[in-house]
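Residues per chain, in single letters:
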Amino acid sequence: MQFPQKHSATGTTIFTVMSALAQQHNAINLSQGFPDFHIDERLSDALGAAAADGFNQYAPMAGVPMLKQAIATSFKNRYDTDIDPDTEITITPGATYAIYTAFTAILSPGDEVIVLEPAYDSYIPNIEMNGAKAVIVPLTAPGFGVDWQRVSDAITPRTKAIIINTPHNPTGAIWSKRDWEQLADIVRDTDITILADEVYEQLVFDGERHYSVLENEELRARSFALYSFGKVYNNTGWKMGFCIAPPEYTQAFRRIHQFLCFTVNTPAQYALAQHLTLDTTPIHTIMQGKRDHFLSLLKGTLFTIHEPAKGSYFQIAGYERISNLPDKEFATWLTREHGVATIPVSAFYSNGKDDKLIRFCFAKKEETLTEAVNRLMKIALPI
Ligand code: PMP
Ligand code: GLN
C-alpha cells in the first residue's frame, strides 16, 4: 500500500522521541512539556464525581454551557473582554486539535500561511495536510523578537493566515501590546486570518503580563484564539482546550469540528467548569518559583542562559562551553551519558537550523529539578 505523503515532516515528533529515549536510559525527563506533579485534588475529585453523577453521555457539540460560561467569566475578569459563550467559544480536545481545526476551516489548496520559526512542531504539518504552504519568517536569537519588515515582505496575494504563539514555545519570549499593534498595521488592508496560539497565557513571569489577541479589537475580529487547560491545571493528559473566535469564524470552526470530533469528553468538561469557579493559586506563581529554582542551580553548570524565560514553562540554554556537537546529537548524548533529557531547538525549525540550543522543561517538582542539575553539574570537561 502506498500511503499519501500528507505533510513534509519526516519521522516521529521530537517530543515522543526524547521522552522514549529518557525512558530507555532512565533519564530525568526535562524534554516533553508536562508537569511531573499531581493536579489539584479538587479537580481530580470533580472528574470522578461528574462520572459518578452520570455525566457520561455526549455533551453538546460546541461544549457544556456551564464550561463555556465559566471561560467567558474568567476572560472577563482577567482581560476585561466580553465573550459570548454561545457564539464565540468552542470546547476542543486540546489546543493541537483546535489549531488543526482552525486551519482546516480556512485553508484551501494553494493558500499560504506565515509561520514564525522556531515554531511548535504541529503547525507546518497541519498547514500542509490542508494542501496549503507554510512561508517561514525567522525569529532571531538571542531575543527571538519579530522582524516586522520580514513579516510584511512575506505577504503575498495568497497569504491566508499568520500563526502567532505567545508566550512562545520553545523560547519563552512574550509579545508586547506593541507587537499586536504592528501585526494589526500589517494585515489591516488584507483578508489575512490570525491564529493566536495562547496556550501559555497564564504562564508569564516577573510581574509582566500576557497580551491577548482578544484585547486588540481590530485583530480579534479576524482571529481564532486557541487555549489548552493542560497548561493551566497541569493536566496535559486530559487533552482539553478551547477556541475563542468571532461568531462567523466560530461557525466555520464548528462546521469542521462537528465532523472531526463532534463533541468533547463530558465529565472532564463538568469538572473543569466547576474548577474554574474556585480560588486556585495562580499557575505563574508556582512556575516562576520552579524557573527561579532551576536557574539558580543551573549557575553551577557549564550551560549558558542568555535570559530567563519570560513566559511558558521552558528555558532555552546554550552548551557552547561543553560541546560543539549538533544539538540533536548533544541532546542524545546528554540523555544517554548524563541522564537528563531535553529538546534540541533545531526540531522547531523546518530546515533543521541549529543554533546549538537545547530546551529544558521546568514544570517539575523541585526535587526533580535539583536532581537533574546535580547530574548536569558533573559535566566538567568539553567533549
Ligand atoms: N501549542 C503549543 C505552543 C504547545 O506548546 C502545546 C503543548 N502541547 C500545544 C499547542 C498543544 O496543547 P494541547 O496539549 O492542549 O494539545
Ligand atoms: N507542548 C509540549 C512540548 O512542547 C508537549 C508537546 C507534545 O508532546 N506534542 O513539549
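Everything numeric here is computed off the predicted structure, so don't read it as measured data.

(A) Highlighting the sheet that holds strand E11 (residues 343–344). Read from one edge of the open sheet, three strands run E9-E12-E11, paired in antiparallel fashion. Since the sheet does not close on itself, it has two edges, and those belong to strand E9 (314–318) and E11, each with one partner. As defined by bridge partners, E9 adjoins strand E12 (residues 357–361) across five bridges and the pair is classed as antiparallel. Residue pairing across strands places Gly 318 opposite Leu 357, the latter belonging to E12. Strand contacts of helix H14 (residues 327–338): E11 and E12, with the helix running at about 45° to E12, the strand carrying the most contacts.

(B) Representation of the sheet that holds strand E3 (residues 112–117). Taken together, the seven strands give an open sheet; going across it, the order is E2-E8-E7-E6-E5-E3-E4, and neighbouring strands pair in mixed fashion. Edge strands, defined here as strands with exactly one partner in the open sheet, are strand E2 (89–92) and strand E4 (133–138). The mean inter-strand angle of the sheet, taken between neighbouring strand axes irrespective of direction, is 20°. In the packing of helix H8 (residues 177–187) onto the sheet, the strands contacted are strand E5 (159–165) and strand E6 (193–197), and the crossing angle to E5 comes to about 175°.

(C) Broad picture of the site of ligand 2. What surrounds ligand 2 is the set Phe 15, Gln 32, Gly 33, Tyr 120, Asn 169, Tyr 200, Lys 231, Phe 314 and Arg 359. Within the side chain of Gln 32, a nitrogen or oxygen atom sits 2.7 Å from an oxygen atom of ligand 2. Separating an oxygen atom of ligand 2 from a backbone N or O atom of Gly 33 is a distance of 2.6 Å. The residue inventory of the shell around ligand 2, partitioned by class, reads four nonpolar, three polar and two charged.

(D) Broad picture of the packing of helix H1 (residues 14–24) against H14. Viewed as axis vectors pointing N to C, H1 and H14 meet at an angle of 25°, and their least axial separation amounts to 9 Å. Classified by the angle between their axes, H1 and H14 sit roughly parallel to one another. The crossing of H1 and H14 is right-handed. Contact residues: H1 offers Met 18, Leu 21 and Ala 22, while H14 offers Ala 331, Thr 332 and Thr 335. For the contact of H1 with H14, a count of residues per class yields four nonpolar, two polar and no charged.

(E) Quick look at H14. Taking 1.5 Å as the rise per residue, H14 with 12 residues should run 16 Å; its terminal C-alpha atoms sit 15 Å apart, in good agreement. Taken as a whole, H14 has its buried residues at Asp 327, Phe 330, Ala 331, Trp 333, Leu 334, Thr 335 and His 338. Buried residues in H14 make contact with H1, strand E10 (340–341), E11, E12 and helix H15 (366–377). Just past H14, the residue Gly 339 takes up positive phi, approximately 70°.

(F) The site of ligand 1, seen in detail. Around ligand 1 there are 13 residues in total, and Thr 96, Asp 197, Tyr 200, Lys 231 and Lys 239 lie nearest to it. Within the contact set of ligand 1, a nitrogen atom lies 3.0 Å away from a side-chain nitrogen or oxygen of Tyr 120. Starting from 390 Å² of accessible surface for ligand 1 in isolation, the protein chains cover 93%. Broken down by class, the residue content of the shell around ligand 1 amounts to five nonpolar, five polar and three charged.

Parameters and conventions
Residues numbered from 1 in each chain as written. Chains lettered and ligands numbered in written order. Predicted model: local features only at pLDDT ≥ 70, side-chain atom pairs only at ≥ 80, totals over all residues. Heavy atoms only, no water. Pairing = 2+ DSSP bridges. Helix = DSSP H or I, 4+ residues; strand = E, 2+ residues; numbered from the N terminus. Contact = heavy atoms within 4.5 Å. Axes fitted to C-alpha atoms, helices over the stretch in contact; angles between N-to-C directions. Near = heavy atom within 4 Å. Polar contact = N/O pair within 3.5 Å; in protein donor to acceptor, adjacent residues only side chain to side chain. Nonpolar A, V, L, I, M, F, W, Y, C, P; charged D, E, K, R; others polar. Parallel < 35°, antiparallel > 145°, perpendicular 65-115°, else oblique. Left-handed = near helix turned anticlockwise from the far one by under 90°. Expected span 1.5 Å × (residues − 1). Buried < 20%, exposed > 50% of the residue type's maximum accessible area, 1.4 Å probe, protein only. Areas by Shrake-Rupley, 256 points an atom, 1.4 Å probe, with all protein chains shown as cover.

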